[in-house]
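# Chains, contacts and geometry: an overview
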Amino acid sequence: MVSIAKENDRIVFENFDKLWRYDPGLGEAEKIEVVIRQDFLGSFDRKESFEDAADNAAISPNGKLIAFSYKYDLFAMPENGGEVKRITNDQKGIGKIVITENNRTILFTKRNQGSFELFSVDINDLDNIKKIDWSEGKYIMRIYLVSPEKLAIHYRVNDDSRRVALMNINTGKVTDIIEEDPVWSWFLAFTPDLDYTFYVKGDLQNNRRELKLYDFKNGTSTGLFSRTTYIGNLYLGQDKQSLFMTLNNELVRLDLIPKPEVDEVEDNWDKILGEQTEADEDLQDKDETPFRIEFAGIESRLNTISSGPGRNYVVHVICDTTLYYVNRDFGGNNYTLRRINYQGDNDEEIISISGRINDYQNAFM
């Protein structure tokens, strides 16, 4: 590059990686010394040491395997401690993580050209990471198991957001569901037979959320009630008669069928005259209670079971009487895991944690 000063006709030129100046009056050239003043000098290397840190994590159903992400890659290790195995090594960024019911297969989302696509890997063959072809070009927002064989996938494609699909884990087949509505709930509450699911439809124009029930056999949806406030975090009780949700930060139970007005009085003679045989007990152990819902008057069957200050979210339903939920303060940095029964009684604190939690559902399960 040659520059000529307009005023004195001096020439400044570049010779390899140095700048020189030529003065035609003197007929001489001299090297220009360039000094760049900086605020600081020193190494730009950054070193970190960490312990018990992860961005996202998942635990296998048998509790023996942990998969977690840290600094853009995926790792796995035994729950009881031991060697940490690195699964990915490309620093592309890991999103959501799920370990399937076989306790070996890890499903996870990984960033690719701005989107999060879906991948799977077997803990016994970590060099064989497979991309789920269906996910290419889609942005996977959330994944979670709804049965041992089915994975729910919340995703968007371009401007078509808030879509949901189900993937058969054994075959890899993916099927879109609830195509007529934008699904605003982070979790769908499926019945055990996967014949129905509860979800929340969003209406941006009118700023409303509507709780709906989708019938897979008929492909139809039925609206239950709507609000201008938050409705989400849906969980079906194991009694199949209670739907739990967060309604405007409160923890609420929706009775799917009317409760009897008067509780039945226990008859102590039943303990004597109604003794069961082993065959009767085996039959009773089999949960064959069908799912049932009565739509008439359903909105009147909403019951608040916890209204502690902050936001209250169900994280796990452990039986037909008890559930766990998280109370998060409005600042978002303090989380308390609590246990409560379906009626809102015996509310007790289990553990309190401070700090940033990316996925509190997995953190407290």
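Since the structure is predicted, the reported quantities are computational estimates derived from the model, not experimental observations. Every chain is numbered on its own, with residues counted from 1 as its sequence reads. Selection of residues for local features in this predicted model requires a pLDDT of at least 70, selection of side-chain atom pairs for listing and counting requires 80 or more, and totals for whole chains, interfaces and linings are taken over all residues. As a convention, hydrogens and water are excluded, and side-chain values are obtained from all of the structure's heavy atoms.

## Some thoughts on the sheet that holds strand β18 (residues 196–203)
What counts is decided by this rule: Strands are treated as partners if at least two bridges between them are detected by DSSP. Elements are defined by DSSP. Helices are runs of H or I of four residues or more, strands are runs of E of two residues or more, and each kind is numbered from the N terminus.
Strand order in the open sheet made by the four strands is β17-β18-β19-β20, with antiparallel pairing throughout. The open sheet is flanked by β17 (189–190) and β20 (220–227), the only strands paired with a single partner. Pairing analysis gives eight bridges linking β18 to strand β19 (residues 208–215), with the strands arranged antiparallel. Counted as the bridge partner of Lys201 is Glu210 from β19.

## Examining the pattern of salt bridges
Operational definition: Any carboxyl oxygen of Asp or Glu within 4 Å of a side-chain nitrogen of Lys or Arg constitutes a salt bridge here. A simple rule labels every residue: compare its accessible area, found with a 1.4 Å probe on the protein chains alone, to the largest value its type can have, and call it buried under 20%, exposed over 50%, or partly exposed in between.
Counted by the stated rule, this structure contains 15 salt bridges. The salt bridge partner of Lys131 is Glu117, with a shortest N-O separation of 3.3 Å. Taken together, the residues Lys131 in strand β12 (residues 125–131) and Glu117 in strand β11 (residues 115–122) connect sequence positions 14 residues apart. Owing to a relative accessible area of 28%, Lys131 belongs among the partly exposed residues under this scheme. A network of salt bridges, in which partner residues are shared, links Glu117, Lys131 and Glu136.

## With respect to the nonpolar core
How we decide: We call a set of buried Ala, Val, Leu, Ile, Met, Phe, Trp, Tyr and Cys residues a nonpolar core when their side-chain atoms join them within 4.5 Å. Should any heavy atoms of two residues lie within 4.5 Å, those residues are counted as being in contact.
If you look at the biggest cluster of nonpolar residues, it comprises 21 residues, and the most contacted ones within it are Phe198, Leu211, Phe225, Met245 and Leu254. Breaking this core down by element, the ones donating at least two residues are β18, β19, β20, β21 (231–236), β22 (242–247) and β23 (250–255). With sequence-adjacent residues up to four places away left out, Phe225 is seen in contact with Arg209, Glu210, Leu211, Ile231, Met245, Leu247, Leu254, Glu299 and Leu302. Among the nonpolar cores identified, the runner-up in size contains 15 residues, and Ala58, Ile94, Phe119 and Ile123 belong to it.

## Thoughts on the pairing of strand β26 (residues 322–328)
With seven of seven residues buried, β26 is to be regarded as a mostly interior element. What you see with β26 is no split at all: Thr322, Tyr324, Val326 and Arg328 on one side and Leu323, Tyr325 and Asn327 on the other are buried throughout. One ladder, built from six bridges, connects strand β25 (residues 311–317) with β26; its direction is antiparallel. Opposite Arg311, over in β26, you have Arg328 as the bridge partner. Once β25 ends, the chain turns through four residues before running back antiparallel as β26. Where β26 meets strand β27 (residues 334–341), seven bridges bridge the pair, whose relative direction is antiparallel. If you follow Asn327 over to β27, its bridge partner there is Thr336.

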